[in-house]
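The residues making up each chain are set out below.
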Amino acid sequence: MTTQSRPAFIYFIAAFASGGLLAAMTHMNGLVAHYGSPLFASFVAHGAGTIAAIIFLGLIFAFSGKGRPAAAGASPRLKAPWWAYLGGVSGAATVILASLSVNSPLALSGTIALGLAGQVIFSLAADRWGLFGLPARKLDLRDFLTVALILGGSVAVILAGGPA
């Protein structure tokens, strides 16, 4: 699934940029939820995402030749496990929950900080027990130290964001 080689620098940039986009998305979804509801914010976010995906796929088909439909008579085979197609369900729940919390006293920074803590803790659990086809690995002291630092940082962000 993954190799142990060192990732290229572009992947670090992409991961960092995705974090910034996640914060911007959370704020925008929170605004929609503030004026509507968290469920409506999820609907808008996923509707806009569907439109963007259709546009991106159209551009890929038009300019790269990759991803073209299979030849006539060929049946595409879905090789991913059935549960891999449920990522949109967790995405919808994430938008709803983040839209609720960003409009609370946690604000954007507290929501993102606790969201990061939840991601890391769930990722470590997935690594430990080999969830979703991941190779199981034993957690070590560094993993627990990482969680403690992230949780401590989350508390600091939330407490520092109190009333001015």
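Now for a quick tour of the structure. (Residues numbered from 1 in each chain as written. Predicted model: local features only at pLDDT ≥ 70, side-chain atom pairs only at ≥ 80, totals over all residues. Heavy atoms only, no water.)

1. Digging into helix 4 (residues 107–129)
- With 23 residues, helix 4 ought to run about 33 Å at 1.5 Å a step, and its terminal C-alpha atoms sit 33 Å apart, in line with that.
- Every buried residue of helix 4 is accounted for by Gly110, Thr111, Ala113, Ala117, Val120, Leu124, Ala125 and Ala126.
- On its buried face, helix 4 is in contact with helix 1 (9–35), helix 3 (87–102) and helix 5 (141–160).
- Of the residues trailing helix 4, Gly130 is marked for its positive phi of about 65 degrees. (Helix = DSSP H or I, 4+ residues; strand = E, 2+ residues; numbered from the N terminus. Expected span 1.5 Å × (residues − 1). Buried < 20%, exposed > 50% of the residue type's maximum accessible area, 1.4 Å probe, protein only. Contact = heavy atoms within 4.5 Å.)

2. Side note on the side chain of Thr111
- In this fold, Thr111 is placed in helix 4.
- Not counting residues up to four positions away in its chain, the partners in contact with Thr111 are Thr26, Ala98, Ser101, Val102 and Leu106.

3. A look at the environment of Lys138
- Note that Lys138 resides in the loop between helix 4 and helix 5.
- Lys138 sits in the exposed class, given a relative accessible area of 73%.
- Residues Lys138 and Arg128 lie 10 residues apart in sequence; the distance between their C-alpha atoms is 5.7 Å.

Just distances and angles here, no functional claims.
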